[in-house]
Each structure stands twice: as structure tokens, then as C-alpha cells.
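Here's the letter readout for the chains.
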Amino acid sequence: MKFKKKILCIGAGYVGGPSMAMIAYKCPDCRITVVDTNPDRIDAWNSEDLPVYEPGLDKIVKITRGKNLFFTKDIENQIKENDIIFVSVNTPTKTYGAGADMAADLQYWEKTARQILKHSRSSKIVIEKSTLPVKTALAMEKILASAKGKIKFDVLSNPEFMAEGTAISDLENPDRVLIGSHETKSGLKARAELIEIYAQWIPLRKIITSNIWSSELSKLVANAFLAQRVSSINSISALCEKTDADISEVAKAVGMDSRIGDKFLRAGIGFGGSCFKKDILNLVYLCSYYGLQEVAAYWESVVKINEYQQERFMANILNSMFSTLAGKKICILGFAFKADTGDTRESPAIYISQKLLAEHAEVIISDPKALKNAAIDLDGIKGNVKYIEDPYRAVAGCHAIAILTDWNLYRNLDFQKIYNSMVKPAFIFDGRNIIDHKKCFSIGFNVYPIGKPALSHFKN
Ligand SMILES: NC(=O)c1ccc[n+]([C@@H]2O[C@H](COP(=O)([O-])OP(=O)(O)OC[C@H]3O[C@@H](n4cnc5c(N)ncnc54)[C@H](O)[C@@H]3O)[C@@H](O)[C@H]2O)c1
């Protein structure tokens, strides 16, 4: 079959895999190839056991793989063969040198630019899909401008707004698709080419365009605003716990104001995931770089509140359980950073597990999708850890439960059965406010929600 467009994606991760699978699914006249330097990832994409868990992903990969969606390790030839290249490599926080613990580490990004330059034999459109500091496209253009002969590259910014756990529905029906380009003749032509792809399933009114710098910055700002909402409500949850106000009631009253809205107003143990923290730190670094210290401090406080929320949760466990956890069995229900994903990057569960182990507690971790990653995260940490997928088996014989991921499964557990199998007095620390606290209290649990009065059977 002759394909209308030949598209390559460099980086087969949580973004590259699902986003390209969606393009392949919606654009049968396009051939999409996804490459990665990690051969195990490519093997997994070609297997029955995909490297990323997302509801609905299996189905669309099954329909498209081998027809117009291909995963391969041959990066060089694929760069030669394709005309449109998405770059979706990781851009973690830098851990060394200038900007350590703040700035984005652009080494993978720059290597990719140089690879594209080295192996290209014809002109191409290069699209930033990774989240990048504003003005990164300029660096990419400078590298690519050294191409010999008539080869030209047009760089576009097309940040990905999907969220893990809902990636497939977000990709299928996004709030918007943003395309940043130069307002030059070739920039506009490249932009039109990308619009043509998305327009096959996304209404034109949702495909918005801007200059490249606005596009790059919008992604960082969108993540910063989402994280800021979480930290705002979490900061108020601390005040609720001191004043007998109830954070769910406050959030409901505040969120019904149409100027504020009710999304992202659920108090909990704090945000995790690979993006929020790194993108805010990246924003903080950019602000400092441009001498905007007050702005930098404002955004940095969002990360600080997130850390504070996790510290508070841990302190609450320790204080409520008579200031000693040594030898006690604590079951962590949920290790993924959010429901419906197996991703544990920056999950609050990592911090809580480490702290529990430091207190010499025995930690039993349960999760329907994230146990493999949990074992990698806690590898080498001293202490007694067990991994048990079945929540009923996991909690049996435990002194306390800490709910750290909002998996639906945990909402519907038989807490009477769980209570009967635990050591008494039994404790539940609900880090996501997802269970029926009053019911659990009446069963006999001592219940510690976030931002609500504790329900304890102890006098005083
Ligand atoms: N995960 C999310 O929910 C999400 C959402 C929106 C945007 N983003 C952004 O998208 C980017 C990718 O995120 P991710 O979660 O998919 O990361 P990831 O770590 O899951 O995937 C990145 C992949 O790129 C590969 N890679 C690195 N250098 C390479 C090279 N030179 N050639 C080929 N492959 C290379 C890595 O091996 C890895 O498999 C990041 O910038 C992230 O901030 C992520």
C-alpha cells in the first residue's frame, strides 16, 4: 500500500507509544514508525505485554500494529525514510552541573537533533512533542541549520496534553491540540501539514496555533496551573485538620463558583508523575534565569506544599500509631502515582514507603498494575518489603492500611472482611479520601482522612 504521509516518532515511551498509536488508528493513510534507543521497549511494544498500561491502548495497538504502525530499533534508516519526525524523548530534571535539580536535562533532546542531522538525506518537518523549556526550538534549529546542501528542516512545537490513565480518551477527544510554528512561508506550510493529520479526527476549532515560544511555554504553564490547584487545595486541607472544617465540603462550595470550577480540587497525598514536579522546576529555573526571582519563588512554593503534604501524612501515621512503627505491618494500597496507570515515577508512595521502612515498619505493597515498577523503585532500600497484588491477602495481619492511589477497586473493598483479618486496633490512613470513612469507623477502624477530622475510637 502507498501511504500518503511517512511519519516517524523518536521515543517510544508513555507519550510516543500511545500518541502514535492514536495517529495510526485515525489516519490509515499514514505510515507511522516508532523507534527507541531502548531495545527492550521496542520488543515490548511488539509483544502482547505492552510496556505502558493505559485503558484502551491494547485495542488500538492490536488494530494498527503491522498495518500502518511499526515499532523498530533501526533509528538511522527510519530517519532517512520518513518526512515528518515527532521527537518524544524524555526531558528529566538535570541532576548535575549548572541548574542541577531544577533545569531540564536536554542531553537526550540534543542527541536526537544531531542524529536527525546526521542521517537525513532529504528535508523534513521536526516536531517537538516532548515538554521543553521555552526557546528550545531555537537550539534545535541552530543544530539542524548546519545541514549540507538543499536539506531544510522546519521545526514545530506540538506539546502533548494527554494525562496518563486517560491517555486514550484524551488523545481521541482532546480539549485542544496546540501547534507552534514560525510565521514564515515554510513554517506555515509545515504547520498546515501537521494540521492535516490531526484534522482527520479532531474538529478544526480545537486545533489552535501560535508562535513556537508560546507553544513551548503553554505546556509548562498548563502543568504548573494543574499542580498549583492540587497544592492549593492540599494547603487548605492542613488548615481543615486544625479547625474541624471538612475539605470535601470546602472544595464543593468553592468549586461551584463557575469562575473557579470543580476540577483538580480533590485533596490528597499530593501529586506525583514524571511531569508536574519537573515541569514546575523547569519553569522556576527559567524565571530565575531571566531574573524574575519573585515569580520563581511563587511557583517553587507549589512543589514545597506538595512535599509538605507527604511529610504531614507520614507524621500523622507515626503520631497516631503511638509514635512507633517498629515491627508493625503497614499495607500500602496503591503504588502508582494515580489510578489506571502502572507508572510510579515520582509517586508519593515511594516517599511514604521509604519513610515507613526507615521507621522499621514491615511494608506490604499492593497495586493492580504497578508492582513491577514498585519493586524497581524500592530496590536496594533496607527493610522488609513484600509485594502482594490481591488487596485482601495484602492487608491480612497488618496493623494499618495507607491508601495512596485512587484505584476504583479500593472504593469497593469489603472493609468488614478486611477489618476482621487485621491486628487490632486497626488503622486506615486514606491518602486519597476515597473510602466511606464513617462506615469504616463504625466497623471498628480508626480512620484518618485528609483534611477532615479523624474518626478515632481512642479517648482524647
Ligand atoms: N508521561 C506523560 O504523561 C507526559 C505527558 C505529556 C508530555 N510528556 C513529555 O513527553 C516527553 C516524553 O515523556 P515520556 O513519559 O514518554 O518519557 P519516557 O521516559 O516514557 O519515554 C522516552 C523514551 O525516549 C527514549 N529515548 C531517549 N533518547 C532517545 C534517543 N536519542 N533516540 C531514541 N529514543 C530515545 C527513551 O529510551 C524512552 O523510552 C517528556 O518531555 C515529558 O515531559 C509526558
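Before reading further, recall that the structure is shown in the block above.
The structure contained in this document is the topic of the report that follows. Going along each chain's sequence as written, the residues are numbered from 1 onward. A pLDDT threshold of at least 70 governs which residues receive local features in this predicted model, and a stricter bar of 80 or more applies before side-chain atom pairs are shown or counted, although totals over entire chains, interfaces and linings include all residues. Based on all heavy atoms of the structure, the side-chain values leave hydrogens and waters out of the count.

Notes on the pattern of salt bridges
Side-chain pairs of opposite charge can arise whenever the charged atoms involved come near each other.
Link 1 in the chain: Salt bridges are identified by distance alone: a Lys or Arg side-chain nitrogen within 4 Å of an Asp or Glu carboxyl oxygen. Here the structure, examined in full by the defined rule, presents 20 salt bridges.
Link 2 in the chain: The closest approach of N and O atoms between Glu172 and Lys26, which form a salt bridge, is 2.8 Å. Placement of Glu172 in helix H7 (residues 167-172) and of Lys26 in helix H1 (residues 16-26) is noted, with a sequence separation of 146 residues between them.
Link 3 in the chain: With a closest N to O distance of 3.2 Å, Lys452 and Asp246 form a salt bridge. In this text, helices come from DSSP runs of H or I with a minimum length of four residues, and strands from runs of E with a minimum of two, each type numbered from the N-terminal end.

Describing helix H6 (residues 136-144)
Link 1 in the chain: Residues of H6 that are buried include every one of Thr136, Ala137, Met140, Glu141, Ile143 and Leu144, and no others. The buried residues of H6 occupy an angular sector of 160° when the element is viewed end-on, so they sit on one face.
Link 2 in the chain: Lining the buried residues of H6 we find strand E4 (84-87), helix H5 (107-119), strand E5 (124-128), strand E6 (153-157) and helix H9 (212-243). For every residue, the accessible area obtained with a 1.4 Å probe (protein chains only) is divided by the maximum for its type, and the residue is called buried under 20%, exposed over 50%, and partly exposed between those limits. Directions drawn from the helix axis to the C-beta atoms are what define this arc. Any pair of residues with heavy atoms lying within 4.5 Å of one another is described as a contacting pair.

Describing the nonpolar core
The tendency in soluble globular proteins is for nonpolar side chains to be buried side by side.
Link 1 in the chain: Nonpolar core, defined: a set of buried Ala, Val, Leu, Ile, Met, Phe, Trp, Tyr and Cys residues in which side-chain atoms within 4.5 Å join the residues together. Core analysis: the largest hydrophobic core is formed by 41 residues, its most contacted members being Ile23, Phe86 and Tyr198.
Link 2 in the chain: Setting aside chain neighbours within four positions, we find Ile23 in contact with Ile7, Ile32, Phe86, Ile197 and Trp201.
Link 3 in the chain: Membership of the second largest hydrophobic core comes to 34 residues, among which are Leu325, Ile352, Leu357 and Ile365.

A word on a nonpolar patch on the surface
Link 1 in the chain: The grouping of Tyr289, Tyr290, Leu292 and Val295 at the surface amounts to a nonpolar patch, some 430 Å² of accessible area in total.
Link 2 in the chain: You can see Val295 is positioned in helix H12 (residues 293-320).
Link 3 in the chain: Accessibility expressed as a relative area gives 36% for Val295, which makes it partly exposed. Residues form patches when they are more than 30% accessible in relative terms and have no salt bridge. Like charges link within 9 Å. Nonpolar side chains (Val, Leu, Ile, Met, Phe, Trp, Tyr) link within 5 Å. For the accessible areas, the method is Shrake-Rupley and the probe is 1.4 Å, while residue cover comes only from the protein chains on display.

Focus on the side chain of Asp430
Link 1 in the chain: Inspection of the secondary structure puts Asp430 in strand E13 (residues 427-430).
Link 2 in the chain: Only four residue types enter the tally: Lys and Arg on the positive side, Asp and Glu on the negative side; His and the chain ends are excluded. No salt bridge is formed by the buried Asp430; its nearest oppositely charged neighbour, Arg266, is found at 7.2 Å.
Link 3 in the chain: We call two N or O atoms a polar contact when they sit within 3.5 Å, provided that within protein one can donate a hydrogen and the other can accept it, with sequence-adjacent residues counted only if both atoms are side-chain atoms. Here Arg432 takes part through its backbone nitrogen, which lies 3.1 Å from a polar atom of the side chain of Asp430.
Link 4 in the chain: Beyond its immediate sequence surroundings of up to four residues, Asp430 is in contact with Phe313, Ile403, Ile435, His437, Tyr448, Pro449 and Ile450.

Concerning the pairing of strand E10 (residues 362-366)
Link 1 in the chain: Across the five residues that make up E10, a large majority, five, are buried.
Link 2 in the chain: The pairing criterion for strands is at least two bridges between them, as found by DSSP. As judged from the five bridges shared by strand E9 (residues 329-333) and E10, these two strands associate in the parallel manner. Considered in E10, the bridge of Cys331 is made with Ile364.
Link 3 in the chain: Between the parallel pair E9 and E10, the chain is carried across by helix H13 (residues 348-358), and the sense of this crossover is right-handed.
Link 4 in the chain: The pairing of E10 with strand E11 (residues 385-387) spans three bridges and is classified as parallel. What sits directly across from Val363, in E11, is Val385. Crossovers are described as right-handed under a simple rule: with the strands pointing away from the observer, the path leading from the first strand over the helix to the second runs clockwise.

Observations regarding the site of the ligand
Link 1 in the chain: Whether a residue is near a molecule or strand depends on its heavy atoms: it is near if one of them lies within 4 Å of it. The local shell around the ligand holds 27 residues, among which Asp36, Arg41, Thr91, Glu164 and Lys278 are the closest.
Link 2 in the chain: The side chain of Thr91 places a nitrogen or oxygen atom 2.6 Å from an oxygen atom of the ligand.
Link 3 in the chain: Here a nitrogen atom of the ligand and a side-chain polar atom of Thr112 are 3.4 Å apart.
Link 4 in the chain: Calculation on the ligand without its partners gives an accessible area of 830 Å², and the protein chains cover 92% of this total.
Link 5 in the chain: By residue number, the principal contributor to the shell around the ligand is H5, which donates three residues.
Link 6 in the chain: For this classification, the nonpolar set comprises Ala, Val, Leu, Ile, Met, Phe, Trp, Tyr, Cys and Pro, the charged set comprises Asp, Glu, Lys and Arg, and every other residue, Gly included, is treated as polar. A per-class count over the shell around the ligand returns eight nonpolar, twelve polar and seven charged.

Observations regarding helix H10 (residues 247-255)
Link 1 in the chain: The set of residues buried in H10 consists of Ile247, Ala251 and Gly255. Projected down its long axis, H10 shows its buried positions confined to an angular sector of 55°, all on one face. Opposite the buried face of H10, at more than 90 degrees from it, the exposed residues are Glu249, Lys252 and Ala253.
Link 2 in the chain: N-capping of H10 is provided by Asp246, with a side-chain oxygen placed 2.8 Å from the backbone N of Ser248.

Considering the sheet that holds E10
Link 1 in the chain: Reading across the sheet, the six strands line up as E11-E10-E9-E12-E13-E14 and stay open at both edges, with parallel pairing between neighbours. Of all strands in the sheet, those with a lone pairing partner are E11 and strand E14 (446-448), marking the two edges. Geometrically, the sheet is characterised by an average inter-axis angle of 20° between neighbouring strands, direction not taken into account.
Link 2 in the chain: Relative to E14, E13 runs parallel, the two being bridged by three bridges. Each residue of the ladder has a partner; that of Ile428, found in E14, is Val447. Angular values range over 0 to 180 degrees, each being the angle between N-to-C directions of two axes fitted as lines to C-alpha atoms, with helices fitted over their stretch in contact.

As for the packing of helix H11 (residues 276-289) against H12
Link 1 in the chain: Contact geometry of H11 with H12 gives a least axis separation of 8 Å together with a crossing angle of 160°. Relative to H12, the element H11 is oriented roughly antiparallel. Between H11 and H12 lies a crossing of left-handed hand. Contacts from Lys277, Ile280, Leu281, Leu283, Val284, Cys287 and Ser288 of H11 reach H12 at Gln293, Val295, Ala296, Trp299, Glu300, Val302, Val303 and Glu307. Roughly parallel covers angles under 35 degrees, roughly antiparallel covers those over 145, roughly perpendicular covers 65 to 115, and oblique covers all other angles. We call a crossing left-handed when the near helix sits turned anticlockwise from the far one by less than a right angle, and right-handed when that turn is clockwise.

A few points about unusual backbone geometry
Link 1 in the chain: The peptide bond linking Lys424 to Pro425 adopts the cis configuration, its omega dihedral lying at -5°.
Link 2 in the chain: By secondary structure assignment, the location of Pro425 is in the loop between helix H17 (415-420) and E13.
Link 3 in the chain: Notably, Phe322 is not glycine yet its phi reads approximately 65°, a positive angle.
Link 4 in the chain: If you trace the backbone, Phe322 turns up in the loop between H12 and E9.
Link 5 in the chain: Look at Ser323: it is not a glycine, yet its phi comes out positive at around 65°.
Link 6 in the chain: Tracing the sequence through the fold places Ser323 in the loop between H12 and E9.

Some details on the packing of aromatic side chains
Link 1 in the chain: Here the aromatic set is Phe, Tyr and Trp, taking the six-membered ring for Trp, and pairing holds for ring centres within 6.5 Å; pairs whose planes are under 30 degrees apart are stacked, those over 60 apart are edge-to-face, and all others are tilted. Applying the stated criterion across every chain yields a total of 15 aromatic pairs.
Link 2 in the chain: Their ring planes at 70° and their centres at 5.1 Å tell us that Tyr419 and Phe445 sit as a pair that is edge-to-face. Here the residue Tyr419 occupies a position in helix H17, and Phe445 occupies one in the loop between helix H18 (437-443) and E14, the gap between them amounting to 26 residues. The same class applies to Tyr419 and to Phe445, which are both buried.
Link 3 in the chain: Plain terms: the ring middles of Phe427 and Phe458 are 5.9 Å apart, the flat faces sit at 35° to each other, and that makes the pair tilted. Of this pair, Phe427 sits in strand E13 while Phe458 sits in the segment after E14; the two residues are 31 residues apart in sequence, bridging distant segments of the chain.
Link 4 in the chain: Residue Phe458 is classed as partly exposed on the basis of its relative accessible area of 32%.
Link 5 in the chain: Ring-pair connections join several aromatic residues into one group, and the members of that group are Phe322, Phe427, Phe429, Tyr448 and Phe458.

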